[in-house]
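# Tertiary structure, described
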Amino acid sequence: LGLGMAGCGSKGDPGQVVKDFWDALQRGNFAAAESYLSQEIAREVMDDLVDPSNPKAPMIVQAILNSFRLDIVGSSENGDKATVDVEMTMPDKDKMSGGLMDSVYESMGDTANLSEEEYMQRLTSALTASLKKYPTVSEPGTVSLVWQNDKWKIDELLWGDIQQYY
């Protein structure tokens, strides 16, 4: 799915803004994802999602996010504010017993002679495969938006703790 208006929040449907934000995250286009956030929260949210001190973080975060699904359940608008109800489906963290990364590293095999790029490709492939082995759980969430600079911008994300996966 395309972003539609890359680099800026969509006009009109707040639910589409949330969907476009999520699509950008799953594609690893974090700059585009950030553009859907309000000025007040953009840096904090992106720093929470992608550790700016770790150059490998974006590939790992993208692999994890691709094991999630976000469904728009409904939305409402009230003047310059909107709320989008979502359902986040993700691997059941409770079933992982803290062994996710152990199983990832075991499935990677011998990595001693790999380049950094080959290592990261193998790591993200192993992570994606490992996450698919777990049953999923769905949780409701809410995304609040504000009308800012003639666009809907995400102002608050209240959904599952994505960071618990990395």
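About the thresholds
Residues numbered from 1 in each chain as written. Predicted model: local features only at pLDDT ≥ 70, side-chain atom pairs only at ≥ 80, totals over all residues. Heavy atoms only, no water. Helix = DSSP H or I, 4+ residues; strand = E, 2+ residues; numbered from the N terminus. Contact = heavy atoms within 4.5 Å. Areas by Shrake-Rupley, 256 points an atom, 1.4 Å probe, with all protein chains shown as cover. Core = buried A, V, L, I, M, F, W, Y, C linked by side-chain atoms within 4.5 Å. Buried < 20%, exposed > 50% of the residue type's maximum accessible area, 1.4 Å probe, protein only. Pairing = 2+ DSSP bridges. Axes fitted to C-alpha atoms, helices over the stretch in contact; angles between N-to-C directions. Parallel < 35°, antiparallel > 145°, perpendicular 65-115°, else oblique. Left-handed = near helix turned anticlockwise from the far one by under 90°. Expected span 1.5 Å × (residues − 1). Polar contact = N/O pair within 3.5 Å; in protein donor to acceptor, adjacent residues only side chain to side chain.

### What to know about the overall build of the protein
Per the secondary structure count, the protein includes six helices and four strands. Start at the N end of the protein and walk to the C end: the helices and strands fall as α-α-α-α-β-β-α-α-β-β. In the protein, the proportion of contacts linking residues at least 24 apart, taken out of those at least 6 apart, comes to 65%. Of the roughly 8,800 Å² of accessible surface on the protein, 47% is carried by carbon and sulfur atoms.

### Side note on the nonpolar core
One finds Val 18, Leu 25, Leu 37, Met 46, Leu 145 and Ile 154 to be the most contacted residues of the largest nonpolar core, which totals 43 residues. The biggest single contributor to this core is helix 1 (residues 14-27), with six residues. Every residue in contact with Met 46, bar those within four places of it in the chain, is listed here: Leu 25, Phe 30, Ala 33, Glu 34 and Leu 37.

### A short note on the side chain of Gln 26
The topology assignment puts Gln 26 in helix 1. Look at Gln 26 and you get buried, because its relative accessible area is 17%.

### Thoughts on the pairing of strand 4 (residues 151-158)
As paired elements, strand 3 (residues 136-148) and strand 4 share seven bridges and run antiparallel to each other. Paired with Trp 147 across the strands is Trp 152, a residue of strand 4. Hairpin connection, strand 3 to strand 4: the antiparallel pair is bridged by two residues, and Asn 149 has positive phi, about 55°.

### Structural notes on helix 4 (residues 57-65)
All of the buried residues in helix 4 are Ala 57, Val 61, Ala 63, Ile 64 and Leu 65. Close packing links the buried residues of helix 4 with helix 1, helix 2 (30-34), helix 3 (42-49) and helix 6 (116-132).

### With respect to the packing of helix 5 (residues 100-108) against helix 6
Helix 6 packs onto helix 5 with a crossing angle of 125° between their chain directions and a minimal axis gap of 9 Å. With respect to helix 6, the axis of helix 5 lies oblique. The handedness of the crossing between helix 5 and helix 6 comes out as right-handed. Contacts between helix 5 and helix 6 involve Leu 100, Met 101, Ser 103, Val 104, Tyr 105, Ser 107 and Met 108 from the former and Tyr 119, Arg 122, Leu 123, Ala 126, Leu 127, Ser 130 and Leu 131 from the latter.

### As for unusual backbone geometry
Positive phi, normally seen in glycine, also occurs at Asn 149, with a value near 55°. Tracing the chain through its elements places Asn 149 in the loop between strand 3 and strand 4. Positive phi outside glycine occurs at Asp 150, with the angle close to 65°. Inspection of the secondary structure assignment puts Asp 150 in the loop between strand 3 and strand 4.

### Focus: helix 1
Between its first and last C-alpha, helix 1 extends 20 Å over 14 residues, near the 20 Å set by a 1.5 Å rise per residue. Across the 14 residues that make up helix 1, a large majority, 11, are buried. Of all the positions in helix 1, only Pro 14, Gly 15, Val 17, Val 18, Asp 20, Phe 21, Trp 22, Asp 23, Ala 24, Leu 25 and Gln 26 are classed as buried. N-capping of helix 1 is provided by Asp 13, with a side-chain oxygen placed 3.0 Å from the backbone N of Gly 15. One or two steps after helix 1, the chain reaches Gly 28, where phi turns positive at roughly 80°.

### Structural notes on the sheet that holds strand 3
Spatially, the four strands line up as an open sheet ordered 1-2-3-4, and their pairing is antiparallel. The open sheet is flanked by strand 1 (69-78) and strand 4, the only strands paired with a single partner. The average angle at which neighbouring strand axes cross in this sheet is 25°, direction not considered.

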